[in-house]
Amino acid sequence: SQKIEQNSEALNIQEGKTATLTCNYTNYSPAYLQWYRQDPGRGPVFLLLIRENEKEKRKERLKVTFDTTLKQSLFHITASQPADSATYLCALRDRGSTLGRLYFGRGTQLTVWP
Amino acid sequence: IAGITQAPTSQILAAGRRMTLRCTQDMRHNAMYWYRQDLGLGLRLIHYSNTAGTTGKGEVPDGYSVSRANTDDFPLTLASAVPSQTSVYFCASSDSRGWGGYTFGSGTRLTVV
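Residues numbered from 1 in each chain as written. Chains lettered and ligands numbered in written order. Predicted model: local features only at pLDDT ≥ 70, side-chain atom pairs only at ≥ 80, totals over all residues. Heavy atoms only, no water.

**What about the state of the cysteines?**
What counts is decided by this rule: Sulfur atoms of two cysteines make up a disulfide when they are within 2.5 Å. Here a strand is any run of E in DSSP of at least two residues, a helix any run of H or I of at least four, and the numbering for each starts at the N terminus. Residue burial is assigned from relative accessible area. The probe radius is 1.4 Å, only protein chains are included, and a residue is buried under 20% of its type maximum, exposed over 50%, and partly exposed in between.
Under the definition given, this model contains 2 disulfides over all chains. Disulfide partner of A:Cys23: A:Cys90, at an S-S distance of 2.0 Å. Linking A:Cys23 and A:Cys90, the disulfide has an S-S dihedral of approximately 60° and is accordingly described as right-handed. Taken together, the residues span a long stretch of sequence, with A:Cys23 in strand β3 (residues 19–26) and A:Cys90 in strand β9 (residues 86–94) at a distance of 67 residues. As far as burial versus exposure is concerned, A:Cys23 and A:Cys90 are alike and both buried. Sulfur-sulfur distance for the disulfide between B:Cys23 and B:Cys91 comes to 1.9 Å. The S-S bond linking B:Cys23 to B:Cys91 shows a torsion near -70°; that makes this disulfide left-handed. Taken together, the positions of B:Cys23 in strand β3 (residues 19–25) and B:Cys91 in strand β9 (residues 87–94) put the pair 68 residues apart, joining distant regions of the chain.

Below is the structure:
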């Protein structure tokens, strides 16, 4: 069956450290993978997209890697801040699916403490 | 501000009643989606529309219907609500390829009693 699994439901780190979140997928052939941030009571907000032929993407303190051999994406937040505390969702578009349709993981709740 | 507007923000609904959740976007996106989000289950696709005039079923379509009469509006209707439809509902939109990511609304929290 198809699965998208994100590492531990909750991740707690100290301010200033690098947070690393994992997204593993099974039985998908992603055309691209996306990461979203979701705050309590709000809708997800798009952060980054990485295509199947890209290894790494950066945006300010964010970095995403994509390894199609390992079937895994890593999402890094460097110099983390308490304001980074939120739930982070990975999502992928399968090459065999309807154009634009995304499949989401369940999310990892990140808490950055001072 | 460009984005998606959902209404109502929250609603308590008696089982068996009919209800329409409204969704409007002003970004001229071709594609629109309805998801429900439940604790422990994540976001699950209910229905989608790749362009005005067309709709399709997602993972959990039973008990829901949609229409797409124009580009901007994508209402979701519960014909006869049941308690298992208690959830947070998110409307989203994207360009046809999804390269720019989805834009989500703020959600509708629905409780069916």
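Having seen it, we continue.
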